[in-house]
Amino acid sequence: MTLPYAEVIGDPISHSKSPLIHKFWLDRLGISGDYRRAHVKAEDLAAYIESRRGDADWRGCNVTIPHKIAVMDHVADPGGVRASIGAMNTIARAEDGTLFGTNTDAGGFFAPIAGLDLEGRPVAVVGAGGAARAVLFALSKAKIGPVTVLNRSPLKAMGLLAAFGLKGSAKPLDAPLPEAALLVNASALGMTGQPPLDLDLSPLPDDAVVYDIVYSPLETALLKAAAAQGLETVDGLEMLIGQAAIAFSLFFGAAPPEGCEDELKALLTQ
């Protein structure tokens, strides 16, 4: 008997903790299913999607670096994700068998900071890729102040600010940080196997929050520096679990179990 399954795809992918999360939830709910990693290179993305399209047991996949933008060319977009966020991190199978894309990153990102009072306050974001699109989309729904985007290509970053109707500026990665109330690393910098992210955090006010979406390592150099400065931090597990919960419901037709968040986080930090 074959089991329904979902996957996470990316390049690299060996670091992904998504299988731990989804398998934990499947086990707790007693659902017969599986969740796997699939190493998919950019040139193989189209062939991967086509191979899974014909597999009735395949329920979908989470999409990570570097495919969040390219994957939009291969699936349906009923929610208008291309025109809004401009990046997909989840592909799922509809009842009629067609594949569609959505984005659960935006909701997963914003959940841990929903209680912050960011109205009118400046924000800084590092990166201008698919994850940064979800972050900026979510922030555009809050009443934040000016946004500074730091990126290798300031021109690309300025295009994102315009796309989401955000006021602010785009600067190179080595530019000084503004006095931001929230700093978000929405890039892969600082991830295991990636170049480091070296920022001088001294311009940040004492009540600033530093949020790093990278979760491998969980305590990044950025978060260590922020903690050493006495700043509040949010690690990448918060966003990872938040977006995974939405995707799990799409894949397996059930909400994740309640009351076991601490046990799951302990498993992910072993």
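Residues numbered from 1 in each chain as written. Predicted model: local features only at pLDDT ≥ 70, side-chain atom pairs only at ≥ 80, totals over all residues. Heavy atoms only, no water.

**A closer look at the sheet that holds strand β9 (residues 182-185)**
Read from one edge to the other, the open sheet built from six strands follows the order β8-β7-β6-β9-β10-β11, with strand pairing classed as parallel. With one partner strand each, in any of the chains shown, β8 (168-171) and β11 (232-234) form the two edges of the open sheet. Pairwise comparison of adjacent strand axes, ignoring direction, gives a mean angle of 15° for this sheet. With four bridges connecting them, strand β6 (residues 123-126) and β9 associate as parallel partners. Within β9, the position partnered with Val 123 by the bridge is Leu 182. Packed onto the sheet, helix α5 (residues 130-140) meets β6, β7 (147-150) and β9 and runs at close to 165° relative to β6. (Pairing = 2+ DSSP bridges. Helix = DSSP H or I, 4+ residues; strand = E, 2+ residues; numbered from the N terminus. Axes fitted to C-alpha atoms, helices over the stretch in contact; angles between N-to-C directions. Contact = heavy atoms within 4.5 Å.)

**As for the pattern of salt bridges**
Any two side chains of opposite charge can pair if their charged atoms end up close together. Enumeration over the complete set of coordinates arrives at nine salt bridges. Among the salt bridges present, the one from Glu 263 reaches Arg 28, with a minimum N-O distance of 2.4 Å. Linking Glu 263 in helix α9 (residues 261-268) with Arg 28 in helix α1 (residues 18-29), this pair joins segments that are 235 residues apart in sequence. What makes Glu 263 partly exposed here is its relative accessible area of 41%. Of the residues examined, Arg 28 reaches a relative accessible area of 39% and is grouped as partly exposed. (Salt bridge = Lys/Arg side-chain N within 4 Å of Asp/Glu carboxyl O. Buried < 20%, exposed > 50% of the residue type's maximum accessible area, 1.4 Å probe, protein only.)

**Details of helix α2 (residues 45-53)**
Owing to its 3.6 residues per turn, the α-helix aligns residues three or four sequence positions apart on the same side. When we look at burial in α2, the residues that qualify are Leu 45, Tyr 48, Ile 49 and Arg 52. Seen end-on, α2 carries its buried residues on one side only, within an arc spanning 95°. Those residues of α2 that are buried lie in contact with β1 (5-10), β2 (34-39), β3 (58-63), β4 (90-93) and β5 (99-102). (Arc of directions from axis to C-beta.)

**What about unusual backbone geometry?**
In the segment running from Asp 11 into Pro 12, the intervening peptide bond is cis, with an omega of 10°. A cis geometry characterises the amide bond from Ser 216 onward to Pro 217, with omega recorded as 5°. Of note, Pro 217 is situated in the loop between β10 (209-212) and α7 (221-228).

**A short note on the nonpolar core**
Within the largest apolar cluster, 51 residues are counted, with the highest numbers of intra-cluster contacts made by Ile 91, Phe 109, Val 125, Val 147, Leu 182, Val 184 and Tyr 211. Take this core: its biggest share by element is seven residues, from α5. When neighbours within four sequence positions are excluded, Tyr 211 is seen to be in contact with Gly 108, Phe 109, Pro 112, Ile 113, Leu 182, Leu 183, Val 184, Asn 185, Val 234, Asp 235 and Met 239. Among the nonpolar cores identified, the runner-up in size contains 22 residues, and Ala 6, Ala 92, Leu 237 and Phe 252 belong to it. (Core = buried A, V, L, I, M, F, W, Y, C linked by side-chain atoms within 4.5 Å.)

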